[in-house]
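# Report on the structure
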Amino acid sequence: MPAKTLQWLFGALMAAFLIVPLLVMMPLAFTSSLLLVYPIPSFSFRWFVELFTLPVWQRAIVNSLIIGFGTTALATVLGVLAALGLRRRLPMIGGVIRTLFMLPMVVPAVVLGIGMQILLARIGLANTHLAVIIAHTVVAVPFVIVSVSGSLAGIDRRVELAAASLGASPQRVFGKVTLPLAMPGILTGAVLAFATSLDEVVLTLFVAGPNQRTLARQMFSTIRDNISPAIAAAAFLFIFGTLLLAAVVLIVRRKKEVAAI
Amino acid sequence: MMSGKSFLQKSGPFLLVAPLFLFICLFFIWPLGSVLTQSVSDNAVARLLPETAKVASSWDGESAPGEDLQAAFVTDLRAATDEQAVGDMVRRLNSAQSGFRTLMSKTLRAVQETPEGLIDLVALDRKWSQPQYWKAITDALSPTTDRYLLAAVDLMRNDAGEIVSQPPEQTINVAIFGRTFWISATVTIFCVLLGYPYALLITVATGWKKQALLAAVLLPLWTSLLVRTAAWFILLQEQGLINSALMDLNIIAGPLALIFNRTGVIIAMTHVSLPMMVLPIYSVLLTIPKNLMPAAASLGAHPLRAFVRVLLPLSFGGIAAGSLLVFMSAIGYYITPALIGGAGDQMISSFIAFHAQNSGNWGMASALGIVLLVVTIILYAVYDRLATQRERSA
Amino acid sequence: MAEFRIRFDGVSKYYGQQCVVDKLRLDIEKGEFVSLLGPSGSGKTTLLMMLAGFETATEGQILVDGYRVNDVPSHKRDMGVVFQNYALFPHMTVGANVAFPLQMRGISRAEIANRVKTALDMVQLGALSERKPSQLSGGQQQRVALARALVFEPRVVLMDEPLGALDKNLREQMQLDIRALHQRLGLTIVFVTHDQGEALTMSDRIAVFNKGKIEQIGTPRQVYDEPATRFVAEFIGETNLIDGTVETVEPASAVIRLNGGDVVRVAGSGGLAAGQGVSVSLRPERLSLTDGLSNNAGLPDNAISAIVTDCVYQGDHLRVQLAGPADASYVVRLDRRSPEPQRGAQVTAFFSPEDCKVIA
């Protein structure tokens, strides 16, 4: 059937269009050439060495880690608390508040960036790590809320009632039942928050000073100014880091299930 | 009403939501509010000329300005020591009335050389006898202005205070907004054309094929936007994979121009936005019973007709949601056009960033930002409406 | 005065303007098995939730062992609750689920291990204590929930349609198991169900709920044989309800003219007055049939002429549909060995005065 063949040809081409760009990056991280082009003359770790020894990149990696973990901690704490609060039906304003918390995902980053720069300068936080963490948390928190709300919604209310009837005080119901059951969602939210912070460029452009340059920010200017295979190596670290985090979450989740059996 | 619940239990949800609420108010609402006030505030002049402001109201605005106004102005100039602020003021005045830059540098020099007593400004420069220069100063003393917001859409106030179009040689913003919407619309259309059949294909596929097709959409979504853009940079460049492949296959003789132009921007943005189109359509297609198309066929509808009359209307909600999502995010794009596009492909975000960071024109940057923000919020409101409607009907 | 374990004293529950439980009074004795039976939305589950402390009463008092518990939080009420979907903790093993209430009470590890084992053995699940709930069948999950609700020896066990999700055979087995446990351990059980067969099988007493009120409370025999209201007669078991008027009232019986014209005698005459409009409830299995028209010869007082409209063999009985005078229709259950009456045949249905119940 030619129609069927055409269908699958389209599917294969589309899948290639979606995936190939992600793959072409990888081998170039190991090129020995000074140029970001194929074919690769020979295999080399020189760009990774550069990444970890050149002070600009070194500092960028350290900054990304500081800001990434700071954002993860702040966004997870705020997001989990808010998701717990939004779980109970708040009279009238619940929907409004939820929409408000989701808005940072929608507002163009450049507009938010300008406002942040004005405000953070005014309250004396300009060019600090805290400023970048705050800015990243604003855009990371919606992911935490979505993911935690999702797992909270999956908890049968009656399971918590059962715990109460069996003698557990509200605090113990939360600690022994609600929190463990929401944990997968909390972990996922934390990973998403970290990934968001890692990838953030636009807000960082506005609120970070030269000492807060993150890896993403450094990649952005490298692509702009002097294209070098170091960006492929950095991208490799990005993808690898995200995969590693995702794997950790998967393993933690799996472990909980295995421990149960 | 009797209730066994304590105060803490009742107020618990509010206490839990409060930290994030405060955080969002402080670091999201307030910044956006700052953008709004910045876009209408105009204190570059008023800040430095407090004495002038006091006597300005006594001037009728048409006759030659009196001695007291000139004296107050000189006093203010003597007190102004912040060079950057003075520079801002001069720039602001010059934009309202050309010729101010040279006039002010002459005047400032005179003020520096004569630290005491009166200065005869008219003797210094004949322009100081012309009311329009003083008018520019007194107009600029007002702390709020709509000039940035008007300029954001290529409008201005003429001397009579009426809103008119800017002279054609100065209109640029409407064209940039037009370009932004045009690029975003093109990307949205490409996403529908590619994304709808793809979503349909995922729906009908089974087994590993379905998993593979789904993974192909989800993997880019989980990958950093920056990495995806960098990847397209590598693919599209002159010695990039696409050009070298096409040349190796002897399809083209010399490299195609794929990067730093519109083609590259649209290809890369379509790739980045495609998952946002496929997933909403897929989730709607999933809810449509599989036997509807066979049912339509059994009732005598040609497959194409059955598609147009049955499947397309039922999945319209997904197309609308996906299109709004893609368009809404596309108009705010900064990274992709900045890295892949040429000078003629920069979208509104780039100009906002340029005004704020390179030329320090925060008023203009904020005004353009407010226009972009309003458009985005309207689109989001429509999207939210659609989503809740679908939720309610489901 | 009897020793009441639980007393509902004029308890009401409103959701906004809507009244779900209406000034309800109910006493439950120690060691009693009481079913709250009614259609969904009749307020029976809400009453149970108020007793467990998950809902607060809008007005009235709930007393347990003589003490008002309205304001006692659920974790201090000492009541074991079994939910319809079992509400087991999905992240804990079976053993941990059963141990949970004991841990909450600060009991020593050794004793917890002991009591968990006893409780699981009691429901024949001793071997599965390391499994997760998701690895158990519905019936096994149900028994874990039961063990968990009983292990801490609560004052009262509350069950909210606990067998609703099980298939028929398992449900009947569990009914007998729970009943046996009740008798063996001397438990006080409040059992919510909408299944009248379940209520009849298990309960010492049944409270029939309708629209937030109790229509009747009594032993299974009382509510089945002597329904106090039309609602009870129709909700519990199958019945033929025929409207009529009281003709004469005698000391031990009354004569009623049914709307179809037939005249029947019923046992008992308390509260009836001549000319009063009443309904007569006739259980299908209490009716007998003879061929042909009634001639009263050798038959009891009460006979109704009818035509057979349908007859269905149902395995354990024959179900015959009759059309009486004035559009009245009757259902009759016959022994499965009875000869099947022909459709359209003229028959006489008869019954003794003791086998019908007049509802005012």
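Residues numbered from 1 in each chain as written. Chains lettered and ligands numbered in written order. Predicted model: local features only at pLDDT ≥ 70, side-chain atom pairs only at ≥ 80, totals over all residues. Heavy atoms only, no water.

### Some thoughts on the overall build of chain C
Short version of the rule: Elements are defined by DSSP. Helices are runs of H or I of four residues or more, strands are runs of E of two residues or more, and each kind is numbered from the N terminus. Residue burial is assigned from relative accessible area. The probe radius is 1.4 Å, only protein chains are included, and a residue is buried under 20% of its type maximum, exposed over 50%, and partly exposed in between. Any pair of residues with heavy atoms lying within 4.5 Å of one another is described as a contacting pair. Values of accessible area rely on a 1.4 Å probe in the Shrake-Rupley scheme; residue burial ignores everything except the protein chains shown. Positive charges come from Lys and Arg alone, negative charges from Asp and Glu alone, with His and the N- and C-terminal ends not counted. A charge is said to be at NZ when it belongs to Lys, at CZ for Arg, at CG for Asp and at CD for Glu.
Broken down by element type, chain C carries eight helices and 20 strands. Seen through its principal axes, chain C has C-alpha atoms that stretch 80 × 45 × 35 Å. Among the 360 residues that make up chain C, the fraction classed as buried is 50%. For chain C, contacts bridging at least 24 residues in sequence account for 65% of all contacts bridging at least 6. In the form shown here, chain C has an accessible surface area of approximately 15900 Å², with 46% of it arising from carbon and sulfur atoms. Once the 38 positive and 42 negative side-chain charges of chain C are each reduced to a mean point, those two points are 7 Å apart.

### Points about helix 1 (residues 44–52) of chain C
Counting buried positions along helix 1 of chain C yields eight of nine residues, so the element is predominantly enclosed. Of all the residues in helix 1 of chain C, the buried ones are Lys 44, Thr 46, Leu 47, Leu 48, Met 49, Met 50, Leu 51 and Ala 52 of chain C.

### Considering the interface of chain A and chain C
Buried accessible area, meaning the area lost when the parts come together, often serves as the stated size of an interface. Spelled out, the test is: What counts as buried area is the accessible surface, traced by a 1.4 Å probe, that two parts surrender upon association, with contributions from both included. Think of a salt bridge as a Lys or Arg side-chain nitrogen and an Asp or Glu carboxyl oxygen that are within 4 Å of each other. Polar contacts here mean pairs of N or O atoms no more than 3.5 Å apart (in protein, one a potential hydrogen donor and the other a potential acceptor; neighbouring residues in sequence count only if both atoms are side-chain atoms). Put simply, Ala, Val, Leu, Ile, Met, Phe, Trp, Tyr, Cys and Pro go in the nonpolar bin, Asp, Glu, Lys and Arg in the charged bin, and everything else, Gly too, in the polar bin.
Contact with chain A, which involves 21 residues of that partner, is made by 25 residues of chain C. Between chain A and chain C, roughly 2000 Å² of surface is buried when both sides are summed, and carbon and sulfur atoms account for 67% of that area. Here chain A and chain C share zero salt bridges between them. Our count for the contact surface shared by chain A and chain C stands at four residue pairs in polar contact (both at pLDDT 80 or more). Those elements that provide at least two residues to the side of chain A that touches chain C are helix 7 (157–165), helix 8 (170–199) and helix 11 (230–260) of chain A. Sorting elements by how many residues they give to the side of chain A that touches chain C places helix 7 of chain A first, with seven residues. Its residues placed into classes, the side of chain A that touches chain C shows 13 nonpolar, three polar and five charged.

### Here we look at the packing of helix 2 (residues 94–104) of chain C against helix 3 (residues 109–122) of chain C
Residues and elements named next belong to chain C. We count it as follows: Between N-to-C directions, angles span 0 to 180 degrees; the directions come from axes that are lines fitted to C-alpha atoms, helices contributing only their stretch in contact. Put simply, angles under 35 degrees are roughly parallel, angles over 145 are roughly antiparallel, angles from 65 to 115 are roughly perpendicular, and the rest are oblique. Left-handed describes a crossing whose near helix is turned anticlockwise from the far helix through less than a right angle; right-handed describes the clockwise counterpart.
Contact geometry for helix 2 and helix 3: axes closest at 9 Å, N-to-C directions at 125°. The angle between the axes of helix 2 and helix 3 places the two elements in the oblique class. Viewed along their axes, helix 2 and helix 3 form a crossing whose handedness is right-handed. Side by side, helix 2 and helix 3 meet where Val 94, Gly 95, Val 98, Ala 99, Leu 102 and Gln 103 of the first sit next to Ile 112, Arg 115, Val 116, Ala 119 and Leu 120 of the second.

### Here's the deal with the domain arrangement of chain C
All names here are of chain C. Cut-off, in case you're wondering: Domain extents, as shown, originate in an automatic or database domain assignment.
Partitioning chain C into structural domains gives domain 1 (4–234) and domain 2 (238–359). One C-alpha centre belongs to domain 1, the other to domain 2; they are set 39 Å apart. Listed as interface residues are 10 residues of domain 1 and, on the opposing side, 10 residues of domain 2. Carbon and sulfur atoms make up 49% of the area that domain 1 and domain 2 hide from each other, which totals about 860 Å².

### A short note on the interface of chain B and chain A
On the chain A side, the residues contacting the 70 residues of chain B number 70 residues. When the two sides are added together, the surface that chain B and chain A hide from each other amounts to roughly 6500 Å², 86% of it contributed by carbon and sulfur. Three residues stand out in chain B for area buried against chain A, namely Leu 20, Phe 27 and Phe 28 of chain B, and they jointly supply 10% of the buried area on that side. Our count for the contact surface shared by chain B and chain A stands at zero salt bridges. In this structure, the connection of chain B to chain A is made through seven residue pairs in polar contact (both at pLDDT 80 or more). For the side of chain B that touches chain A, the secondary structure elements donating two or more residues are helix 1 (7–40), helix 9 (173–204), helix 10 (207–222), helix 11 (225–236), helix 13 (262–287), helix 17 (335–340), helix 18 (348–358) and helix 19 (362–393) of chain B. Tallying contributions element by element places helix 1 of chain B first for the side of chain B that touches chain A, with 19 residues.

### Focus: the side chain of Asn 97 of chain C
All names here are of chain C. With respect to the element layout, Asn 97 can be found in helix 2. Taking relative accessible area as the criterion, Asn 97 reaches 0% and is therefore assigned buried. In terms of polar contacts, Asn 97 uses its side chain to reach the backbone carbonyl oxygen of Met 92, at 3.3 Å. Among the polar contacts listed, one links the side chain of Asn 97 to the side chain of Arg 148, at a separation of 3.1 Å. Not counting the four nearest positions on each side in its chain, Asn 97 is found in contact with Leu 88, Phe 89, Met 92, Pro 133, Val 144 and Arg 148.

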